[in-house]
Amino acid sequence: MLDLEVGAVAHGGHCVARHEGRVVFVRHALPGERVHAVVTEDHGGSFCRADAVTVLEAAPGRVEPACPWAGPGGCGGCDWQHADHDTQRALKGAVVAEQLSRLAGIERDVVCEALPGGPLGWRTRMRMAVTDDGRPGLRVHRSHEVLPVGDCPIAVRGALDPVLAHTWTPTAEIEIVADAAGETHATELFEGTRQLEIGSGTAHEHAAGRDWTLPAPAFWQVHPGAADAVVAAAVAGVGELAPDDVVWDLYGGAGLIAAALAERAGTVVDVESDPDATAAAGENLADLPAARVVRGRVEKVLDSLARTTPPDVIVADPPRKGLGRELATRIGAVGARRIVHVACDPAALARDVAALGEAGYTLADLRVFDAFPMTHHVECVATLVRT
């Protein structure tokens, strides 16, 4: 048992404390608290991981977790069930600011903006695991252990009812989508196979003033309010467009951002490698003459696009790992006047901003949304201008 004075929040859903000269990454604590903690992972070296099990001096933002499966040794899906919503957003803003400072050399105050609906009942997409006896559950933090649950308070209300009532293959995983039409789609993944078990498999969504139809597994924002918020921030970041301007929408998915831009630009190229997403983009953008869908990996098609359809503006919404230094440098070399970067990982965003800075771009604006309440994740929209 460690007696810890808890320090600043760190990226990843924990805070930093020190014990006998070593760093302790402690979960279930808040900055400024004094706690008793149990070490959960220690491989030697300069740090270990721990869970706060007793709070001796509580921070003002501490609350009782809304979920009975949260807490030390419980479900690893949520990081901040023990903090009120304002405190969660303050912690997330501090993390984004720290990552920009440490990895990109940018000092900036960051506000994490709330989305409509509050911190519970928002998650429309999630993955569950199945226990050895066929019960759906969620994994314990940094563990393969599956914790059977009776519900998930952050999931859209009622979305898990058919999933929890269904019989599943032991040790399988379940992909769950609750769409805007109120239908739950659940697919079982087992030994390399995918089998739709619940729902039609076709999701219906509404965002940016349009109706969308797409295969349930295709990428879509998890929070019901995130799609509109991200599109609005991306459009604002793109700025004024001339009728003959060309915009690239890299990792464009089903065309959500491309659709909003295709009404204002001469050409919008949606680049996406996922076949489900590109098929959906082709159908959903068919009424927009300016929109064009290119199926392929961004790093593979970048050079040919630069030769044939050079962009005035680039929007990029890469996976969690970000663009990476090499690709960010290549994108910067294309020479667009603006780059709008959508990111769900602050560290990856900061590294990409640093690489784009070396390519001649300056961070002009940053919006940060609390699109994943109760977790440490955020959605960021950064606008960079060529200098």
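Above: the structure in question.
Residues numbered from 1 in each chain as written. Predicted model: local features only at pLDDT ≥ 70, side-chain atom pairs only at ≥ 80, totals over all residues. Heavy atoms only, no water.

If you had to explain the environment of Gly 253 to someone new, which residues and values would you point to?
Relative to the helices and strands, Gly 253 resides in the loop between β16 (246–250) and α4 (256–262). Residue class for Gly 253 comes out buried when judged on its relative accessible area of 5%. Taking C-alpha positions, Gly 253 is 32 Å from Glu 107, a pair spaced 146 residues apart along the chain. Apart from the residues within four sequence positions on either side, Gly 253 is in contact with Asp 270, Glu 272, Ala 277 and Ala 281. (Helix = DSSP H or I, 4+ residues; strand = E, 2+ residues; numbered from the N terminus. Buried < 20%, exposed > 50% of the residue type's maximum accessible area, 1.4 Å probe, protein only. Contact = heavy atoms within 4.5 Å.)

Now, about the packing of helix α6 (residues 298–308) against helix α7 (residues 325–334): what can you tell me, with residues and values included?
In contact at an axis separation of 11 Å, α6 and α7 are set at 20 degrees when each is read in the N-to-C sense. By the criterion of interaxial angle, the relationship of α6 to α7 is roughly parallel. Of the two elements, α6 crosses α7, and the hand of that crossing is left-handed. Facing α6, whose interface residues are Val 298, Glu 299, Leu 302 and Asp 303, α7 presents Leu 327, Arg 330, Ile 331 and Val 334. In the contact of α6 with α7, the residues fall into five nonpolar, no polar and three charged. (Axes fitted to C-alpha atoms, helices over the stretch in contact; angles between N-to-C directions. Parallel < 35°, antiparallel > 145°, perpendicular 65-115°, else oblique. Left-handed = near helix turned anticlockwise from the far one by under 90°. Nonpolar A, V, L, I, M, F, W, Y, C, P; charged D, E, K, R; others polar.)

Report on the side chain of Asp 270, specifying residues and quantitative values.
By the element assignment, Asp 270 lies in strand β17 (residues 267–272). Although Asp 270 is buried, it makes no salt bridge; Arg 292 carries the closest opposite charge, 10 Å away. Sequence-distant contacts of Asp 270, that is, excluding residues within four places in its chain, are made with Asp 249, Gly 252, Gly 253, Ala 254, Gly 255, Ala 258, Ala 281, Leu 285, Arg 292, Val 293 and Val 294. (Lys, Arg positive; Asp, Glu negative; His and termini not counted. Salt bridge = Lys/Arg side-chain N within 4 Å of Asp/Glu carboxyl O.)

With reference to specific residues and values, describe the packing of helix α1 (residues 85–104) against helix α8 (residues 346–358).
One can describe the packing of α1 onto α8 by two numbers: an axis separation of 8 Å at closest approach and a directional angle of 35 degrees. Note on packing geometry: the crossing formed by α1 with α8 is right-handed. Taken together, the residues of α8 that come into contact with α1 (itself represented by Val 95, Val 96, Gln 99, Leu 100, Leu 103 and Ala 104) are Pro 346, Ala 347, Ala 350, Arg 351, Val 353 and Ala 354. Residues that form the contact of α1 with α8 fall into these classes: 10 nonpolar, one polar and one charged.

Can you tell me about the sheet that holds strand β8 (residues 125–130), naming the residues and giving the values?
Pairing is antiparallel in the open sheet, where six strands are placed in the order β10-β9-β8-β11-β12-β13. Strands with a single pairing partner mark the edges of an open sheet, and in this sheet they are β10 (146–148) and β13 (193–198). Strand-to-strand twist in this sheet, taken as the mean axis angle between neighbours without regard to direction, amounts to 40 degrees. When strand β11 (residues 173–178) meets strand β12 (residues 184–190), the two strands line up antiparallel, connected through six bridges. Bridge assignment links Ile 174 to a residue of β12, and that residue is Glu 188. (Pairing = 2+ DSSP bridges.)

Outline the sheet that holds strand β21 (residues 361–370), supporting the account with residue identities and numerical values.
Taken together, eight strands build an open sheet; the order of strands is β7-β21-β22-β20-β19-β16-β17-β18 and the sheet is mixed. Strand pairing shows two members of the sheet lacking a second neighbour, β7 (112–114) and β18 (291–295), which therefore form its edges. For this sheet, the mean angle separating the axes of adjacent strands, direction not counted, is 20 degrees. Bridge count for β16 against strand β19 (residues 313–316) is four bridges, and the pairing is parallel. Bridge pairing links Asp 249 to Val 315 in β19. Across the sheet, α1 touches β7, β21 and β22 (379–386), and the angle it forms with β21 is around 160 degrees. Contacting β17 and β18, helix α5 (residues 275–284) runs over the sheet at an angle of about 160 degrees to β18.

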